[in-house]
Amino acid sequence: MFNHYLKIAYRNLLKNKMLSLVNLFGLILGLASIMTLVFVVHAYYNADGFIEEEENLYYIKTFTTSGHDYNETTYPLLEKIKASCPDVVAGTHLFNWDLPWLSYNDIELQERKTSYVDADYFEVFTIPLKYGDHRTALKNKYDVVLTDKVSKKFFGEINPVGKKMLLNDTLSVKVAGVLEPI
């Protein structure tokens, strides 16, 4: 019985080629759209899944009277918030700087994005480290934490914690950790 239905369907497909082609194209387009939406929603809900207590994180942004917005706030604001709001457990500053030069021995690299953070960064964000300890990684002023990709470009597969690098050919910084690939 099922073979009979397959024969009839095959004959109708051959008989109405253009209609079959339009229907098949519509089916493929519909399935591709559904699959894309499923992947986008999945990526949206799992993007920061490694951060513990994500629902308790808040981001403060500055809006000026002229209508501009900035991703940074004034520096003393965080200390005032910590002192006046007992519900605030921890806070950190995050400043971005584009295109700084990093060098180690004969290797030089200009990274697209660099973030400057304070010592409490790893108290707020639970980002895993491949090398180093998140409790002590940013305690000194001139400590840096590299991404795994940048660390491999400079040091290969060895543990670079404790090694000195130059930032913009003038500032000596010490590698205090390497982020786990996310």
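Note that the structure is a prediction, hence the values are computed from the model and not measured. (Residues numbered from 1 in each chain as written. Predicted model: local features only at pLDDT ≥ 70, side-chain atom pairs only at ≥ 80, totals over all residues. Heavy atoms only, no water.)

> What should I look at first to understand the environment of N105 in this one?
By the element assignment, N105 lies in the loop between β4 (101-104) and β5 (107-110). Note: C-alpha distance between N105 and Y116 (11 residues apart in sequence) is 23 Å. (Helix = DSSP H or I, 4+ residues; strand = E, 2+ residues; numbered from the N terminus.)

> Would you explain the side chain of S20 in this entry?
Examined against the element boundaries, S20 turns out to sit in helix α2 (residues 17-46). Polar contacts involving the side chain of S20 include one to the main-chain carbonyl oxygen of N16, which spans 2.8 Å. Those residues in contact with S20 that lie beyond four places of it in its chain are N12 and L13. (Polar contact = N/O pair within 3.5 Å; in protein donor to acceptor, adjacent residues only side chain to side chain. Contact = heavy atoms within 4.5 Å.)

> Help me understand the side chain of T92, please; the structure alone is not making it clear to me.
Tracing the sequence through the fold places T92 in the loop between α3 (77-84) and β3 (94-98). Side chain to side chain, T92 and D118 meet in a polar contact 2.4 Å long. When near neighbours in sequence (up to four residues on either side) are disregarded, T92 contacts L78, D118, D120, Y121, V124 and F125.

> Would you take a moment to explain the confidence of the model for the protein for this structure?
A low pLDDT means the predicted coordinates there should not be read in detail. In the predicted model, the protein carries a mean pLDDT of 85, and 98% of its residues have values of at least 70. Taking the mean pLDDT of every element in the protein, the minimum, 77, falls on β3 and the maximum, 92, on α2. (pLDDT = per-residue confidence, 0-100.)

> I tried to follow the packing of aromatic side chains on my own but got confused; where do I start?
One pair of aromatic rings is described through two measures. These are the centre distance and the angle between the planes. In this structure the tally under the stated criterion is 5 aromatic pairs. Three or more aromatic residues joined by ring pairs make a cluster, and in this case those are Y104, F154 and F155. (Phe/Tyr/Trp six-rings, centres within 6.5 Å; stacked < 30°, edge-to-face > 60°.)

> When you look at unusual backbone geometry in this model, what are you seeing that I'm missing?
At N105, a position not held by glycine, the phi torsion is positive, near 55°. Residue N105 is classed as exposed on the basis of its relative accessible area of 66%. (Buried < 20%, exposed > 50% of the residue type's maximum accessible area, 1.4 Å probe, protein only.)

> Whenever I open this one, the pattern of salt bridges confuses me. Can you help?
Pairs can form between side chains of opposite charge whenever their charged atoms are close. All told, the structure shown has 6 salt bridges when counted by the stated rule. The salt bridge partner of D69 is K61, with a shortest N-O separation of 3.0 Å. Residue D69 is classed as partly exposed on the basis of its relative accessible area, which comes to 39%. Its salt-bridge partner being D120, residue K82 comes within 3.0 Å of it at the nearest N-O pair. Residue K82 is found in helix α3, and its partner D120 is found in the loop between β6 (113-117) and α4 (121-124); the two are separated by 38 residues along the sequence. Taken together, the salt bridges that share partners define one network made up of K130, D148, K152 and E157. (Salt bridge = Lys/Arg side-chain N within 4 Å of Asp/Glu carboxyl O.)

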